[in-house]
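Coordinates in review
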Amino acid sequence: RMMAGAGGAGNEGKSAVTHVRVLGWGIFSQVGFEGRKCTLVVMSPVTGRRHQLRVHAVHLGHPILGDWTYGDREFAEGMDRMMLHAWR
């Protein structure tokens, strides 16, 4: 369970809660990105804050692949989209 509080350490945003479940981890094998560590997770937002999953992923030290705003910009340059997928 990931929780971000409001108003602490320069953060003036609202609190947010996300449940995170790790499905697996390993080494990224896509051509051009070999050797990068990766983690496959299911993130379920409890609250509905803008960019909540992206911010929480960075806070955990695992930015979403291809996220130009919050993630690793150098790594995101080689991606044609963000690797964030939704389903019900």
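The structure we're discussing is the one just above.
A quick note: this is a predicted structure, and the numbers were derived from the prediction, not measured.

Digging into the overall build of the chain
Scanning the chain from N- to C-terminus turns up 2 helices and 3 strands. By the burial criterion, 23% of the 88 residues in the chain qualify as buried. When contacts within the chain are restricted to residue pairs at least 6 apart in sequence, those whose partners lie at least 24 apart make up 33%. Accessible surface computed for the chain: about 6,700 Å², of which carbon and sulfur atoms make up 53%.

Some remarks on the layout of surface pockets
Volume-wise, the largest pocket comes out at about 1,100 Å³. If you go around the largest pocket, you meet 36 residues; those closest to its centre are Thr39, Val41, Met43, Ile64 and Met83. For the lining of the largest pocket, the secondary-structure elements that each account for two or more residues are strand 2 (16-27), strand 3 (37-45), helix 1 (52-59) and helix 2 (73-76). Per element, the largest residue contribution to the lining of the largest pocket is 8 residues, and it comes from strand 3. Considering only residue class, the lining of the largest pocket consists of 23 nonpolar, 7 polar and 6 charged.

Overview of the pattern of salt bridges
Applying the stated criterion to the full structure yields 1 salt bridge. Between Arg54 and Asp67 there is a salt bridge whose closest N-O contact spans 2.7 Å. With Arg54 in helix 1 and Asp67 in the loop between helix 1 and helix 2, this pair connects stretches of sequence that are 13 residues apart.

Overview of the environment of Pro63
Secondary-structure assignment places Pro63 in the loop between helix 1 and helix 2. Residues Pro63 and Cys38 lie 25 residues apart in sequence; the distance between their C-alpha atoms is 9.6 Å. In this view, Pro63 contacts Ala57, Val58, Gly71 and Asp72; residues no more than four positions away in its chain are not counted.

Criteria and cut-off values
Numbering of residues begins from 1 in every chain and follows the order in which that chain's sequence is written. Local features in this predicted model are restricted to residues whose pLDDT is 70 or higher, and side-chain atom pairs enter the listing and the counts only when it is 80 or higher, whereas totals over whole chains, interfaces and linings include all residues. Side-chain figures throughout are based on the complete set of non-hydrogen atoms in the structure, without hydrogens or water. The helix and strand labels rest on DSSP assignments: H or I over at least four residues marks a helix, E over at least two residues marks a strand, and numbering proceeds from the N terminus. Only protein chains enter the accessibility calculation, which uses a 1.4 Å probe; a residue whose area is less than 20% of its type maximum is buried, one above 50% is exposed, and one in between is partly exposed. Any pair of residues with heavy atoms lying within 4.5 Å of one another is described as a contacting pair. With residues, only the protein chains shown are counted as cover, and all accessible areas are computed by Shrake-Rupley using a 1.4 Å probe. The distinction between a cavity and a pocket rests on a 1 Å grid over the protein atoms alone: a 1.4 Å probe fits inside a cavity but cannot get out, while a pocket stays open yet meets protein on both sides within 12 Å along at least five of seven lines, and a residue with an atom within 4 Å of a point counts as lining. Grid points are joined across faces, edges and corners, and a volume is the space filled by probe spheres set on the points. Amino acid classes used here: Ala, Val, Leu, Ile, Met, Phe, Trp, Tyr, Cys and Pro are nonpolar; Asp, Glu, Lys and Arg are charged; the rest, including Gly, are polar. Each salt bridge in this description consists of a side-chain nitrogen of Lys or Arg and a carboxyl oxygen of Asp or Glu lying within 4 Å of one another.

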